[in-house]
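# Residue-level structural notes
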Amino acid sequence: ADFDAKKKRKVAEIYQALNSDPINVATLRRMAISEGGLLTDEIRCKVWPKLLSVNTDDLPPLPARKELREDNKDYQQVLLDVRRSLRRFPPGMPDDQREGLQEELIDIILHVLQRNPQLHYYQGYHDIVVTFLLVVGDRLATALVEKLSTHHLRDFMDSTMDNTKHILNYLMPIIDQVNPEVHDFMQSAEVGTIFALSWLITWFGHVLSDFRHVVRLYDFFLACHPLMPIYFAAVIVLHREQEVLDCECDMASVHHLLSQIPQDLPYESLISKAGDLFVQFPPSELAKEAAQAAQAERTAASTFKDFELASVQQRPDTVLRQRFRERLRGEERLRGEERTKSILTKPRTNRFVKLAVMGLTVALGAAALAMVKSALEWAPKFQLQIFP
């Protein structure tokens, strides 16, 4: 009963902020961040546009479907991704309704890309768009997603992944500030940050199975600084401190653990913790460490000149297999020479997967996402599950 009373008070406060003149956006932000977020989709339809300062009075009409799809360079890829997005629709939704929504989803994406030629589609973008479509419907979703794509998501929509990698570089410095032990363990395991890539670029829409948790996070992210999702990613890792430290300290094990996101996270306390960390360690203070992480990555990148060259000329999985075979041959030789097991105490995959991740992220830019799945299929029992 106490909870209901609190909820009623909150709803009243939100409507009061919406009806004041001018609209009290600061209160709306506070409501979106505080416990429970914006509570209902009906309220989200009214508040989300205000958080993104989108004028709902003159929404542009949606263009004709046929025109949008003819000669569109992104159409095939978008179509593939949307077809694979079944689990993003509520279970039990009738097929024809879902198929209608999937067509709308394709239209929204193509429309935003057509109006903004500087934006580049990436795999996972549809996971964000479908969340808006399901909450606010196609016309309003188009306007909100366009605004979001030119602001919050802008870095993910470059022609290369450089800016996305730069944002991922904030993850370790945040963890280091709060828990140096976890940070050092992850550094020793050389796990990198790629496990958090799909979290970041889909605002967790791809990895959380309960839609209520997804929209609750969207309330939070829409009300905050664009880097908030990386703080939230750090908070999830910190929340799993014990599991991480109990894990075997190697890349494959830690990556595997972290990329499987638990579904029963205490969202409200994690949200408030992420907010606290943002205030304590704002991006401006972490920028130096993030730049150092980028520098270290660049140093690693520069030693892979042959890799970069090869990746331009052929499919990266071929390159990876070739490197894998060369490495195996080298190891056979060493084994013959030394007859010791010391070199091979580590399971082989770890070294190669490390090589693969580094090569893919540094050399392939935007293609890395599309390729990572197919490129690593040869790695025994271990794949980089960016998009499981």
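Keep in mind that this is a model prediction, so the values were computed, not measured.

### Quick look at helix α3 (residues 41-51)
Here α3 has its buried residues at I43, R44, V47, W48, P49 and L51. Where α3 is buried, its residues touch α1 (2-19), α2 (25-33), α7 (125-136), α8 (138-150) and α13 (211-223). Positive backbone phi, at 40°, marks S53, one or two positions downstream of α3.

### Describing unusual backbone geometry
Residue P22 is reached from D21 by a cis peptide bond, and omega for that bond is 0°. Tracing the chain through its elements places P22 in the loop between α1 and α2. Of note in this structure, W203 is not a glycine but carries a positive phi near 50°. By the secondary structure assignment, W203 is in the loop between α12 (197-201) and α13.

### A word on the UniProt feature "transmembrane region" (unreviewed entry) in the protein chain
Those residues carrying the UniProt feature "transmembrane region" (unreviewed entry) are residues 191-208, 220-238 and 352-372 in this numbering. As a span, residues 191-208 carries 28% helix and 0% strand, and end to end its C-alpha atoms are 22 Å apart. Overall, residues 220-238 shows 79% helix and 0% strand. The separation of its end C-alpha atoms is 19 Å.

### What about the packing of helix α6 (residues 95-115) against α8?
When two helices pack together, you describe them by how their axes are tilted relative to each other and by the distance separating the axes. Where α6 meets α8, the axes come as close as 10 Å, and the angle between the chain directions of the two elements is 40°. Judged by the angle between their axes, α6 and α8 are oblique. Like other packed secondary-structure pairs, α6 and α8 cross with a definite hand, here right-handed. Between α6 and α8, the residues in contact are E104, I108, H111, V112 and R115 and D138, A141, T142, V145, E146 and S149, respectively.

### Brief notes about the packing of helix α10 (residues 171-178) against helix α14 (residues 228-239)
For the pair α10 and α14, the least separation of the axes is 9 Å and the interaxial angle reads 50°. In terms of their interaxial angle, α10 and α14 are classed as oblique. Relative to α14, α10 is oriented so that their crossing is right-handed. Here L171, I174, I175 and V178 of α10 lie close against α14, whose contacting residues are I230, Y231, A233, A234, V237 and L238.

### A look at the pattern of salt bridges
Side chains that carry opposite charge are capable of pairing whenever their charged atoms lie near each other. Applying the stated criterion to the full structure yields 19 salt bridges. We note a salt bridge from R69 to E103, for which the minimum N-O separation is 2.7 Å. With R69 in helix α4 (residues 65-69) and E103 in helix α6, this residue pair connects regions lying 34 residues apart in the sequence. As a salt-bridge pair, D158 and R154 come within 3.1 Å of each other at their nearest N and O atoms. The class for R154 is partly exposed, based on a relative accessible area of 24%. What you see here is one network of salt bridges that share partners, running through R65, R69, E103 and D107.

Conventions and cut-offs
- Residues numbered from 1 in each chain as written.
- Predicted model: local features only at pLDDT ≥ 70, side-chain atom pairs only at ≥ 80, totals over all residues.
- Heavy atoms only, no water.
- Buried < 20%, exposed > 50% of the residue type's maximum accessible area, 1.4 Å probe, protein only.
- Helix = DSSP H or I, 4+ residues; strand = E, 2+ residues; numbered from the N terminus.
- Contact = heavy atoms within 4.5 Å.
- UniProt positions renumbered as here; feature names shortened; annotations may be inferred.
- Axes fitted to C-alpha atoms, helices over the stretch in contact; angles between N-to-C directions.
- Parallel < 35°, antiparallel > 145°, perpendicular 65-115°, else oblique.
- Left-handed = near helix turned anticlockwise from the far one by under 90°.
- Salt bridge = Lys/Arg side-chain N within 4 Å of Asp/Glu carboxyl O.

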